[in-house]
Amino acid sequence: MLSAINYSLLATIFLVLTLIFPSEGQLSSTFYSSTCSNVSSIVRSAVQQALQSDSRIGASLSRLHFHDCFVNGCDASILLDQGGNITQSEKNAAPNVNSIRGFDVVDNIKSSLESSCPGVVSCADILALAAESSVSLSGGPSWNVLLGRRDGLTANQAGANSSIPSPFESLANVTSKFSAVGLDTTDLVALSGAHTFGRAQCQFFSQRLFNFSGTGSPDPTLNSTYLATLQQNCPQSGSGSTLNNLDPSTPDTFDNNYFTNLLINQGLLQTDQELFSSNGSSTISIVNNFANNQSAFFEAFVQSMINMGNISPLTGSQGEIRTDCKKLNGS
Ligand code: HEM
């Protein structure tokens, strides 16, 4: 029989062991508290500095985390350059090439962290922290980011092509791509709210402007005044890479205007407006709620960012901590 004193000794040993060897698969907000206690403020300062010369960069960094997590989980696979063992990078996949940006800022953050705490902070965690800093510095909510992800050893270009939703897809397809990574309809609506900041090129919505689905007319779910503005900025003979604000009302601010825009048919991408304009869809009441209540949106967005950040992380001794986010160690 265990005496009370032996029992408490065993409990203490167990506690110490779990602190030294945290169980695999569990991210934690205090993961770097003894190895890189300033990690959050280092990332935040770098994002703040980048925002001073590029008002779009917060949006771009948030999108990087999304495109990372949807392919092989949140493992920084999107950051790997093509070359050597990486024969088909995710950077060169259709949803990313000539579109995704922010790699230079990630590299700056990594260099600062390598000076302060060499070999400690993963590139995958940098993406999660940079997304939070970007949102909170732009007027959105702040939250404790769960940490402890490790960096992957492969890239998956085919996976990026098939798993990241395209702006031309039906709501049913987009929903099933979210569900494939364990995210539900509330996550889809809340995370789409990230289109409250940043830009989109004409080529990603011009199919709505003149001859929508072969009808010879514009998308009927586009507000007519907004349509005229977009037709002017994206003429039929114009460049597909011209940029437009995703949120015409407050382009660089993280707020719930994305949802109030949807209520007046001012969603920019087809997949944005579909959340509100698909008859009978369960997304409609969620859009209404977020449009009427910014706190409800912020709360849901935080929870959904945590859900997204939890997609298949590598932990424990899996993967590695890259020294240079663009390359596998030793390559
Ligand atoms: C629901 C399915 C989604 C689709 C179809 C989609 C599609 C797109 C497209 C086509 C662009 C414009 C890219 C360009 O012009 O180069 C864009 C931009 C953006 N997306 Fe999404 N997206 C989706 C979900 C998300 C999610 C879940 C997030 C983040 C949580 C996000 C964050 C962003 C941001 C912040 C931008 C602006 C980036 C910048 O200005 O650099 N998107 N998205």
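Per an unreviewed UniProt entry, the recorded name for the protein chain is Peroxidase, and the organism is Glycine max. The UniProt entry for the protein chain carries the following comment under Subcellular location (unreviewed entry): "Secreted".

Peer 1: Where do I start with the overall build of the protein chain in this structure?
Peer 2: The number of helices and strands found in the protein chain is 13 helices and two strands. Along the longest, intermediate and shortest principal axes, the C-alpha atoms of the protein chain span 80 × 45 × 35 Å. The long-range fraction of contacts in the protein chain, counting pairs at least 24 apart against all pairs at least 6 apart in sequence, stands at 77%.

Peer 1: For this particular structure, what's the right way to read the domain arrangement of the protein chain?
Peer 2: How large an interface is tends to be reported as the accessible area lost when its parts come together. Taken domain by domain, the protein chain comprises domain 1 (25-163) and domain 2 (183-307). On the domain 2 side, the residues contacting the 15 residues of domain 1 number 13 residues. Of all the secondary-structure elements, those providing two or more residues to the side of domain 1 that touches domain 2 are α3 (57-69) and α5 (123-137). The element contributing the most residues to the side of domain 1 that touches domain 2 is α3, with five residues.

Peer 1: It is not clear to me how the packing of helix α4 (residues 103-116) against α5 should be interpreted in this structure. Could you clarify?
Peer 2: Packed helix pairs are specified by the crossing angle of their axes together with the interaxial distance, meaning the distance between the axes. Between α4 and α5, whose axes approach to 10 Å, the crossing angle comes to 115 degrees. Judged by the angle between their axes, α4 and α5 are roughly perpendicular. In this structure, α4 crosses over α5, and the sense of that crossing is right-handed. Where α4 abuts α5, its residues Val106, Ile109 and Lys110 lie against Cys123, Ile126, Leu127 and Ala130.

Peer 1: Is there a simple way to explain the UniProt feature "binding site: Ca(2+) 1" (unreviewed entry) in the protein chain in this structure?
Peer 2: Under the UniProt annotation, the feature "binding site: Ca(2+) 1" (unreviewed entry) is placed at Asp68, Val71, Gly73, Asp75, Ser77 and Glu90. Annotated residues spanning 23 residues; largest pairwise C-alpha distance 12.8 Å, indicating a single compact cluster. Positionally, Gly73 belongs in the loop between α3 and α4. For Gly73, a count of 19 C-beta atoms within 10 Å gives the class partly exposed. With residues near it in sequence (within four places) discarded, Gly73 still touches Ile311, Ser312 and Pro313. Position of Asp75 among the secondary structure elements: in the loop between α3 and α4. Using a count of 29 C-beta atoms within 10 Å as the deciding quantity, one classes Asp75 as buried. Excluding residues within four positions of it along the chain, Asp75 makes contact with Ala124, Arg149, Asp151, Gly152, Leu314 and Gly319.

Peer 1: Looking at this structure, how should I read the confidence of the model for the protein chain?
Peer 2: It should be kept in mind that the predicted coordinates are not to be read in detail where pLDDT is low. Residues of the protein chain with pLDDT of at least 70 account for 92%, and the chain-wide mean is 94. Predicted confidence is poor over residues 9-24, with pLDDT under 50, and the contacts of this stretch with residues over four places away or in other chains come to four contacts.

Peer 1: Explanation requested: the site of the ligand in the structure shown.
Peer 2: Around the ligand, 25 residues are found, and the nearest of them are Ser60, Ser99, Leu191, Ala194 and Gly198. When residues of the shell around the ligand are traced back to their parent elements, those giving at least two are α3, α8 (185-192) and β1 (199-201). The element that contributes the greatest number of residues to the shell around the ligand is α3, accounting for five residues. Its residues assigned to classes, the shell around the ligand shows twelve nonpolar, nine polar and four charged. Mapping the shell around the ligand onto the domain boundaries places at least three of its residues in each of domain 1 (25-163) and domain 2 (183-307).

Peer 1: I'm lost on α4 in this one. Help?
Peer 2: Residues lying three or four places apart along an α-helix face the same way, a consequence of the helix completing one turn every 3.6 residues. Taking 1.5 Å per residue as the helical rise, α4 with its 14 residues ought to reach 20 Å, and the 20 Å between its terminal C-alpha atoms agrees with that figure. Along α4, the residues that are buried comprise Val105, Val106, Ile109, Lys110 and Leu113. The buried residues of α4 occupy an angular sector of 140 degrees when projected down its axis, which confines them to one face. In α4, the exposed residues that point more than 90 degrees away from the buried face are Asp104 and Ser115. Contacts from the buried residues of α4 go to α2 (39-53), α3 and α5.

Peer 1: Looking at this model, I keep getting lost on the nonpolar core. Mind explaining?
Peer 2: Grouped burial of nonpolar side chains is what soluble globular proteins tend to show. Residues Val106, Ile126, Leu127, Ala130 and Val287 are the most contacted members of the largest nonpolar core, which totals 69 residues. Two domains each put at least three residues into this core: domain 1 (25-163) and domain 2 (183-307). In contact with Leu127, other than residues within four places in its own chain, are Leu64, His65, Asp68, Ala76 and Val106.

Reading guide: rules and limits
Residues numbered from 1 in each chain as written. Predicted model: local features only at pLDDT ≥ 70, side-chain atom pairs only at ≥ 80, totals over all residues. UniProt positions renumbered as here; feature names shortened; annotations may be inferred. Helix = DSSP H or I, 4+ residues; strand = E, 2+ residues; numbered from the N terminus. Contact = placed C-beta atoms within 7 Å. Domains from an automatic or database assignment. Axes fitted to C-alpha atoms, helices over the stretch in contact; angles between N-to-C directions. Parallel < 35°, antiparallel > 145°, perpendicular 65-115°, else oblique. Left-handed = near helix turned anticlockwise from the far one by under 90°. Buried ≥ 20, exposed ≤ 12 C-beta atoms within 10 Å, placed from the backbone. pLDDT = per-residue confidence, 0-100. Near = placed C-beta within 6 Å. Nonpolar A, V, L, I, M, F, W, Y, C, P; charged D, E, K, R; others polar. Expected span 1.5 Å × (residues − 1). Arc of directions from axis to C-beta. Core = buried A, V, L, I, M, F, W, Y, C linked by C-beta atoms within 7 Å.

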